[in-house]
Each structure stands twice: as C-alpha cells, then as structure tokens.
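Each chain is listed here by its residues.
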Amino acid sequence: MVSHRRTRRIAGVLAPLAAAGLLAGCMPGTNGNSADNSAKPGAVTTDPAAMGKVTLHILDYFTGDPDNVWMKDVVKAFEKKYPNITIERNSLPWDQVMAALPLKLKSANPPDIVPANNGWQSLGTLVRGGLVLNLDNYAKAYGWKQAFPQSILSEHEFSPDGRQMGTGSLFGAPVARASLIEVYYNRALLKKIDAKVPHSYAEFQATLAKAKAGGIAPVTVGTSDQVGITMPLFSLMDALGAQSKISDFVYSHGDVKIAQTGFPQAVSAFKQWADKGYLVKDYAGTAADDAAQSFVNGKGLFHFNYSGSLPFKPGQSKGFGSFVLPRADGGKPVATASSATNFSIASKSKHADAAAAFLQFAASEQAAKLAVRHETMPLLHPDVKAPAGNPLFTDDVAIARQISTEAHPCPISTGPHRRCWTPSTAPCRTRWPESPRRKRWSPPPTRMPPPL
C-alpha cells in the first residue's frame, strides 16, 4: 500500500511538470526583449571548400564519454573532409554552459556554435534576445525540412518574438544521436518467470503480476530526488495518452489541458503499481541513480530510464534488453525522445556558412555511424545498423529505427528535463545536471514531454 504521504509526493511531482511550461522565465544575462529574428536576405554558401581558411569555435557540454569521444570523432572527420576549416572546442559542464551562454553570445567574440537548450526558457529566450541566428536560409539550402522529421524540426522552431514554440523559423538543428525513455529488462529474470518481452500493454501488466508472484521486484525505481519518477510517468503517459494532445500541450497549440494528455492516467497507473506491490521496496526513499545501480546489480525485472544511462561495467549489458512501453490501445509505439543535443549558431558569428556546414555534418549519416561505433543510439538515419556482440545495443538501434520510421515521438518538457518527439510532432528537451557517476539525460520540470 502507498501511504497518503507517498501519494502526495507523487502528486507533488506533477505540479512543476504542469506549471513549469507556463513560465517564460529568462536565462541569466537576457532581458527578454524581442529582436529582429528574420532570415537575412542573400544567398548562403554550402561548399566548405570555397570558404577559405576558417577557425570555428564550438561550445558544448560533452565532458564525459561516450559524448566527448563521439564529438571528437565528428570534429576529426569534419576537419579531414574540409581541411581548410579548423575547429576549436570548449567543453564545459552542463550547468556552466547554461549559466554562461547568454553572456558568451553577447560578447564581442562569441562561440560560433552553441548548444542552446530547447524550450522557451533557453532557446526561446535566446531567440527573443536576438542572440542566435535564424537558420531558415540554411534549412532551405541543405534541405533540412525534407531530411528531418517534422517532430524534430518543431522543437527547434520559434516565432520571431521567441514566444511560440513549434512554429515559425528554425533556430537550431539536431545531431545524429538520440536518447529516449526505454523499458529495460533483465533477461535472466524474465526467463526465470517463463515470460517473454511484452508486445502489448496488457502483456506488460500481466508480466508485472507474474514477477510479483515469483518473488521478483517487478519495477526498480527510485523517486526520492523526483528525477526517477519522470521516466515511468512519461512512458505511461505515452502509452495511455494521445500523442497529438501531448505535443499540442507542450507547444501550447490550441487549448489543450493537462488532463487531456494522459498524464493523470499515468499517475493513477503508477499509484496502482505501488498499491499492488509492483515497485521495489522503499522506492520513495531511494535516489534515481541508486535505483539504476540496483537494477544493474540484478535486483528487479524492469527499469525505466533514458538510453545509454545505466551504469554497466564492460560486458555487463549483455544480460539486459530494452523496448518501448506498448500502447494501451494497441497503436504504434509512442516514446519520449530527443536528439542528444541541438546546436545553434551565434547571431554575431563571422563564419555562419562554415558553422552551418558543421551542423549539416553533425546530423549526417557519417555522424550516426560514429555514434554506433561508440555504442550510443543513432538518430535521423534508420538504415544505420548495430554491430554484433551487444544484444542491448542492438535493441537500442532497433528502437531508434522503429521510432524514426514507424512510431510517434513526443516532445519532452522544457526546463531541467528533456522531451519526447514523433515523426509528426516534436518535443522540447532539457537535461538534469551531471550525476557523479555518469552524465545522463532526463526529462525536465517544465512542460511535459511530447511523444514520438
């Protein structure tokens, strides 16, 4: 049974998710004044070889692997292909980047490329302040609006005043790496209860009951820091709600209420799991990272988390698998997902053409293949395949392909979280600060995430 105190804690998490998206707070160093954000007239150059000697300065928050090694390889491959362009990276922790970004963009010599966080509070504020470049001309030149799913495009689109997201002009571009909320499972424990990977919501519920009857904790979760509860709640919302309503709520399209998104039903389902004893003991007193470690150590059948976030030791992941929580109505899967980062170009950049060429390269198939080389989920290129030898990563790549070609992504909230997307509707994304164990992505407390 869940005590009233625990129930209030669950309900308390919803308040920031619902309210955060209603806030249009400014980032440090911005005043929120609207600027001229129209695309500049004139042709753009898309042949890097014709740009002369250029040094690009990139600010990113890829301080740990596999993020850092992937970015290093992308830069190395880009410089090899275009030897006239040199790239200098400045990698800082996530919170430092977010705090310093507006002032860096206002400086006389700002970085050319920056990782503005999707959402009103970050990218929207930078757009409103005229600090990032309108990319419509480059989107047309490179064909981004045909190459990227609309759901991905929407999370980077803003009205000129920066107040309406999911429409208007493009101010950022994704990279060819994804991260989404998955259901992880322990292969040995699933076999122990003589069960298979569930292909329907009803089968998933039945497997929870079977695990409980077999003396195995059905779901390993930790909610003491309020981060861990977002992953199962967003997954349940994606399984129970309508993707279109979730995305419309995130982007404030129409008069969609949170009650129409499936989020209340997700909270009710989570409480039912607690009432039935499906959640690991003392989940409310356990931190999200500790729950993830416990799951990796073999305690619990299922665990909800972002791809690439579990603290596996070398070779340990072979005992685990993953899937997207099936829809309750039997429809195509919906997932809370995002690009691993998005890049914008400083409005003061003296090398916007070269910067746009790098954005094009970071979203390319070659960049996706480099992601796979480092066993991190690719995006935008469903034909990229996983190498043999790691069943869990094979599941990840299959999920990325499914989401890119069949499923519906929804945008995640804005704020210290993240978003979800769909081939027809996009999410907004954010990140929690790095954990002492490993940098990981999580949904932010702003809006709720749109489904993919």
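What this report covers is the structure whose coordinates are included nearby.

Conventions adopted
Think of each chain on its own: its residues are numbered from 1, step by step along the sequence as written. Per-residue local features are limited, in this predicted model, to residues with pLDDT of at least 70; the limit for side-chain atom pairs, both in listing and counting, is 80 or more; totals at the level of whole chains, interfaces and linings are taken over all residues. Each side-chain value is worked out from all heavy atoms of the structure, with water and hydrogens disregarded. Among buried residues, the Ala, Val, Leu, Ile, Met, Phe, Trp, Tyr and Cys ones that are joined through side-chain atoms within 4.5 Å form a nonpolar core. To sort residues, take the accessible area from a 1.4 Å probe on protein chains only and compare it with the maximum for the residue type: under 20% means buried, over 50% means exposed, and anything in between is partly exposed. The way it works is that DSSP assigns letters per residue, a run of H or I at least four long becomes a helix, a run of E at least two long becomes a strand, and they are numbered from the N terminus. Only heavy atoms enter the contact rule, under which two residues are in contact if any of them lie within 4.5 Å. By salt bridge we mean one thing: a side-chain nitrogen of Lys or Arg within 4 Å of a carboxyl oxygen of Asp or Glu. Any Phe, Tyr or Trp ring, taking Trp's six-membered ring, that has another such ring centre within 6.5 Å forms a pair; planes under 30 degrees apart are called stacked, those over 60 apart edge-to-face, and the others tilted. We count a charge as sitting over a ring when the NZ of a lysine or the CZ of an arginine lies within 6 Å of the ring centre and within 35 degrees of the ring normal. Only C-alpha atoms enter the line fits that serve as axes; for helices the fit covers just the stretch in contact. Angles between N-to-C directions range over 0 to 180 degrees. Oblique is the label for every angle not falling under 35 degrees (roughly parallel), over 145 degrees (roughly antiparallel), or within 65 to 115 degrees (roughly perpendicular). Note on convention: the crossing is left-handed when the near helix lies turned anticlockwise from the far helix by less than a right angle, right-handed when the turn is clockwise. Each residue receives one of three labels: charged for Asp, Glu, Lys and Arg, nonpolar for Ala, Val, Leu, Ile, Met, Phe, Trp, Tyr, Cys and Pro, and polar for the others, Gly being one of them. Any N or O atom pair separated by 3.5 Å or less is treated as a polar contact, with the protein-specific requirement of one donor-capable and one acceptor-capable atom, and with residues adjacent in sequence counted only for side-chain atom pairs. For two strands to be treated as a pair, DSSP must find no fewer than two bridges joining them. By definition, the crossover connecting two strands over a helix is right-handed if that path, from the first strand to the second, turns clockwise as seen with the strands pointing away from the viewer.

### Things to note about the nonpolar core
- Grouped together as the largest cluster of nonpolar side chains are 81 residues, with contacts concentrated most on Leu56, Trp70, Trp144 and Phe358.
- With nine residues, the single largest contributor to this core is helix α14 (residues 352–362).
- Here Leu56 is in contact with Ile85, Thr86, Ile87, Glu88, Asp112, Ile113, His351, Ala354, Ala355 and Phe358, once residues within four sequence places are set aside.
- Counting residues in each nonpolar core, the second largest holds 40 residues, with Leu208, Ala269, Trp273 and Phe304 among its members.

### Considerations on the pattern of salt bridges
- A complete count under the given rule lists seven salt bridges for this structure.
- The salt bridge involving Arg187 is made with Asp395; its shortest N-O contact spans 3.3 Å. Placement of the pair is Arg187 in helix α8 (residues 187–192) and Asp395 in helix α16 (residues 391–405), with a sequence separation of 208 residues.
- The salt bridge involving Glu365 is made with Lys369; its shortest N-O contact spans 3.7 Å. You can see Glu365 and its partner Lys369 sitting in helix α15 (residues 365–373), four residues apart, about one turn around the helix.
- With a relative accessible area of 39%, Glu365 lands in the partly exposed category.
- Note on Lys369: relative accessible area 48%, which makes it partly exposed.

### Structural notes on the packing of aromatic side chains
- Evaluation of the coordinates by the stated rule reveals 21 aromatic pairs.
- Judged by centre distance (6.0 Å) and plane angle (40°), the rings of Tyr185 and Phe323 are tilted. You can see Tyr185 sitting in strand β7 (residues 178–186) and its partner Phe323 sitting in strand β9 (residues 320–323), a full 138 residues away along the chain.
- By relative accessible area, which is 6% here, Tyr185 ends up buried.
- Taking 6.2 Å as the distance between ring centres and 70° as the angle between the ring planes, the aromatic pair formed by Phe204 and Phe323 counts as edge-to-face. Of the two residues, Phe204 is situated in helix α9 (residues 201–213) and Phe323 in strand β9; the sequence distance between them amounts to 119 residues. When sorted by exposure, Phe204 lands in the same class as Phe323, which is buried.
- Taken together, the ring pairs connect Tyr185, Phe204, Phe270, Trp273, Tyr283, Phe302, Phe304 and Phe323 into an aromatic cluster.
- The ring of Phe62 has Arg177 sitting right over it, with the charged end atom 5.8 Å from the ring centre.
- Lying across the ring of Trp70, Arg177 places its NZ or CZ 5.2 Å from the centre.

### Brief notes about unusual backbone geometry
- Following Asp65, the chain continues to Pro66 via a peptide bond in cis, the omega torsion being 5°.
- Here Asp282, not a glycine, exhibits a phi torsion of approximately 55°, which is positive.
- Tracing the backbone shows Asp282 in the loop between α12 (263–275) and α13 (288–296).

### A word on the packing of helix α10 (residues 230–240) against α12
- In the contact formed by α10 and α12, the axes pass within 8 Å of each other and the chain directions differ by 120°. Taken together, the axis directions place α10 and α12 in an arrangement best described as oblique. The two elements α10 and α12 meet at a crossing, and its hand is right-handed. For the pair formed by α10 and α12, the contact residues are Pro232, Leu233, Phe234, Leu236, Met237 and Leu240 on the first element and Phe263, Gln265, Ala266, Val267, Ala269, Phe270 and Trp273 on the second.
- Among the residues making up the contact of α10 with α12, the classes are represented as 12 nonpolar, one polar and no charged.

### Section: the side chain of Ser349
- Along the chain, Ser349 turns up in the loop between β11 (342–345) and α14.
- Looking at Ser349, its side chain comes within polar contact range of the side chain of Asp112, at 2.7 Å.
- Within the structure, Ser349 has its side chain in polar contact with the backbone nitrogen of His351 (distance 3.1 Å).

### Things to note about the pairing of strand β1 (residues 54–60)
- Among the seven residues in β1, five count as buried, and that is most of the element.
- Pairing of β1 with strand β2 (residues 85–91) involves seven bridges; the strand directions are parallel. Paired with Leu56 across the strands is Ile87, a residue of β2.
- Assessed by its sense of winding, the connection that carries the chain from β1 through helix α2 (residues 67–81) to β2 is right-handed.

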